[in-house]
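So you can see what is in the structure, the chains are spelled out below.
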Amino acid sequence: MTLLSFVVPAYRVQGYLRECLDSILEQPYDDLEVIGVDDASPDDSGEILIEYAERDPRVRPVRLAENVGLGPARNIGLDRAAGEYVWFVDGDDWLVPGCLPHVVDRLDATRPDVLIVDHVRAHWNNVGTRSAMREVFPEPPGETTFRLVERPETMRLLHTAWNRLVRREFLVERGLRFEPGWYEDVSFSYPVLMVAERIGVLDRICLNYRQRRTGAITRTRGDRHFEVFAQWHRVFRLMDRWDATVEALRPDVFERMIWHYLTVLGNGERIAPELRPAFFAQIHADYVRFLPPQGYPVPPGVDGLKHRLVAAGRWRTFSALRDANQAAETARRTARKVKRRVLPVARRAARKARNAALREYYRGELHRPLDPTLAVFAAYWYRGYACNPAAIYAAARRLAPQVRGVWIVRRDRVDTLPPGVEYVVAGTREYYRVLARARWLVNNVNFPDFVRKRPGTVHLQTHHGTPVKVMGLDQQRYPMGARGMDFAKLLSRVDRWDFSVSSNSFSTQMWERAYPATYTTLEVGYPRNDRLALATPEECRQVRKELGIGLDEHVVLYAPTHREHLPGWRPPFDPDRMCEVLGPAGRLLMRSHYFHDRDRRPRGPLAGGVLDVSTHDRVEDLYLAADVLVTDYSSAMFDYAVLDRPIVVYAPDWDAYRVARGVYFDLIAESPGPVALDFPALLELFRSDALRSPEAEKHRQRFRARFCALDDGHAAERVVRRVFLDEPAGTEATRRSPY
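Attention in this report is confined to the structure presented alongside it. Here the structure is a predicted model, which means the values were calculated and not measured.

Definitions and cut-offs
- Residues numbered from 1 in each chain as written.
- Predicted model: local features only at pLDDT ≥ 70, side-chain atom pairs only at ≥ 80, totals over all residues.
- Heavy atoms only, no water.
- Pairing = 2+ DSSP bridges.
- Helix = DSSP H or I, 4+ residues; strand = E, 2+ residues; numbered from the N terminus.
- Right-handed = clockwise from strand over helix to strand, strands pointing away.
- Core = buried A, V, L, I, M, F, W, Y, C linked by side-chain atoms within 4.5 Å.
- Buried < 20%, exposed > 50% of the residue type's maximum accessible area, 1.4 Å probe, protein only.
- Contact = heavy atoms within 4.5 Å.
- Expected span 1.5 Å × (residues − 1).
- Disulfide = S-S within 2.5 Å.
- 1 Å grid on protein atoms, 1.4 Å probe; cavity = no way out; pocket = protein on both sides within 12 Å on 5 of 7 lines; lining within 4 Å.
- Points joined across faces, edges and corners; volume = space filled by probe spheres on them.
- Axes fitted to C-alpha atoms, helices over the stretch in contact; angles between N-to-C directions.
- Parallel < 35°, antiparallel > 145°, perpendicular 65-115°, else oblique.
- Left-handed = near helix turned anticlockwise from the far one by under 90°.
- Nonpolar A, V, L, I, M, F, W, Y, C, P; charged D, E, K, R; others polar.

1. Thoughts on the pairing of strand 10 (residues 371-378)
Item 1. Relative to strand 13 (residues 438-443), strand 10 is paired through five bridges, and the arrangement is parallel. Its bridge partner lying in strand 13, Val376 is registered against Leu441.
Item 2. Bridge count between strand 10 and strand 11 (residues 404-409): four bridges; the pairing is parallel. Pairing of Leu374 across the sheet is with Arg404, part of strand 11.
Item 3. After leaving strand 10, the chain enters helix 15 (residues 387-399) and then returns to the sheet as strand 11, a path that is right-handed.

Next up, the structure:
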């Protein structure tokens, strides 16, 4: 018999599900299975489960025809579980690395009906807060097991399904299952503890409980929070059917019920003001209905006062007390903010008068009407006309000529603009004017923090690559690669987005996780790759001619990414030795990352058939000219794969990079072609021509199917029709963020 069955329900968790599954499957323990229940999720959660099942036989996906909700989905997983113990883990949470051997040791040593494990609340800003384990058990119970009547304080631990492992046969014998509706954990977790003969506690953090920025039911207002009452009613119905031992727990269970009701009522993100009187009235009714004859342990202090007001049904007094406490807390927060602002105000006062005047001008322009025809485009922090915004701009000129496109560029990049492209220089009066009055703002990075989201404006975030390395909020876990980042400000910028362009379902999943907000995802392919998808042999020959490359030359493009955690790093790559291997017909193009453009000098041809193309404005030209791409962790591989030409991954610092910077998938195992971990191995790949082997072809086709399926040459058109012409979505995947 398998020891552990993980039941993982999945509904709109595509951005987090991979991390959840990886955290289970990569544990140093194999005797487990994962029952992944796709609860008719409208995103790619189901496809992710199937993908993992194809790679790992321990994963057993279940796809439901209609959405049944978290509780019934868990029941379906339970019915299919074969393990001795079942662990219900939500698809947006994840296990702590290396925790399972400790869990298994405790199970083997004590054979409990229920084993409660500790957890940490993992907030979006990378702050973790401990559970109540230490307060409830100042002295850890160790390997001692007990019944709930012996340690009723156990009920003060969070009443969720995911912080406990339960013996499967125990659940079957007792007929314990999840009820439908919200707060389904209540009517499962408390009864499980009440009837368990052997309860164990493992004082070790085993699970990260993700506190999603938005999207969780705990942050969703509505009348469905009234469903908490039905769940608690079921708890008391079960107690009425059970023996006197359980009856002795009634006072403590009652106290937990009132505590939970008041917690829900006190959360302003759950109960809207107009619903609070009715919610309070139901609390009072349940207080009267379920109050134990012998009374219950009323908490001291303010909490006890709340209980007494509930008992008396005094909503107005309760509400007035709540308002007074909130006003006092607001006053304290305001005082702290004023104190913190003193230094920033002094710094702002010292800014140059010209910048202050321009910002004032911008604020004034915000009060003027929007220009209904104006679209502002930018790319790479105003480095010029490039990437997805350039492709969308060109498509808009053709499909929506009524839209006037204006580019923002740095002064030193003006001469790189194509003829006929209207522009403003960053930092000028005209720059602030178009930012204030444009109806559309298009960028592949974020606009500056001072830019305000006006009613009626549309912000289109195009991104500029499929992510290998972690991005956005996920960078908080890799501080060496996130130096100087202000994640609160990042989220303020993300909150301006109306649309987020995605090149494939994998990117959609990662963007939702890295940038949680309320934008709509346009999963349409990358507009910048339209040119690659539609390129003709004649265009490729013309590009080579413009670059001074002969038609009979074998061209290798080397395009590594940068390392934020290693400023000034240069890869161990010897161009002379590479050219020797390529032979007299070989030509090597070398391109540094755009972050290094201030260090570049236009050098053109170098010795021995090497051409420095770092300053070439259009990277797509280089892709069309190259016969082979050599890269490391750059998104260049995803774009170049559209051409279906050989790709070599040169990753000499793979182990260090994934630890320091973090990655979203195993590039070595899922590469688009052969992998070299050192320079001699890279040279050998070219000597042996292994980059064109059947195995290399297999890797590339699998990679293309996963990441390039939408790059059909019409991505820019799909974006223009949806964003500028407001046409309904066609065949492309247009998804509203779950937040």
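Structure's up, so let's keep going.
2. Examining the nonpolar core
Item 1. Tyr515, Leu557, Val723 and Phe724 are the most contacted members of the largest nonpolar core, which totals 88 residues.
Item 2. In terms of residue count, the dominant contributor to this core is helix 15 (eight residues).
Item 3. Ignoring any residue separated from it by four or fewer positions in sequence, one finds Phe724 in contact with Ala375, Phe377, Ile392, Val403, Trp440, Val442 and Val719.
Item 4. Within the second largest apolar cluster, 65 residues are counted, among which are Val114, Phe146, Leu157 and Val235.

3. Thoughts on helix 15
Item 1. With 13 residues, helix 15 should cover 18 Å at 1.5 Å per step; its first-to-last C-alpha distance of 19 Å lies within 8% of that length.
Item 2. Across the 13 residues that make up helix 15, a large majority, ten, are buried.
Item 3. Considered for burial, the residues of helix 15 that qualify are Cys387, Asn388, Pro389, Ala390, Ala391, Ile392, Tyr393, Ala395, Ala396 and Leu399.

4. Concerning the state of the cysteines
Item 1. Using the criterion set out here, one finds zero disulfides in the structure.
Item 2. Left unpaired, Cys206 is separated from the closest cysteine sulfur, that of Cys99, by 4.5 Å.
Item 3. The buried category is assigned to Cys206, whose relative accessible area is 0%.
Item 4. For the unlinked cysteine Cys387, the closest cysteine sulfur is that of Cys708, found at 15 Å.

5. Looking at empty space enclosed by the protein
Empty pockets left among the atoms are what a rolling probe the size of a water molecule brings to light.
Item 1. On inspection of all chains with the given rule, the structure shows two cavities of 30 Å³ or more.
Item 2. Of the volumes computed, that of the largest cavity is approximately 70 Å³.
Item 3. Around the largest cavity, the lining residues are Leu441, Asn443, Val445, Asn446, Phe447, His459, Leu460, Gln461, Arg493, Arg496 and Trp497.
Item 4. Among the secondary structure elements, those contributing two or more residues to the lining of the largest cavity are strand 13 and strand 14 (458-461).
Item 5. If you tally residues by element for the lining of the largest cavity, the top one is strand 14, at three residues.

6. Let's talk about the packing of helix 21 (residues 575-582) against helix 25 (residues 679-688)
Item 1. Contact pair helix 21 / helix 25: the axes reach a minimum separation of 9 Å and the direction vectors enclose 20°. Of the possible angle classes, the one that applies to helix 21 and helix 25 is roughly parallel. The crossing of helix 21 and helix 25 is right-handed. Contact with helix 21, carried on its side by Arg577, Met578, Val581 and Leu582, involves Phe679, Leu682, Leu683, Phe686 and Arg687 of helix 25 and no other residues of that element.
Item 2. A breakdown of the residues in the contact of helix 21 with helix 25 according to their chemical character gives seven nonpolar, no polar and two charged.

Interpretation note: all reported values are geometric properties and have no functional meaning in isolation.
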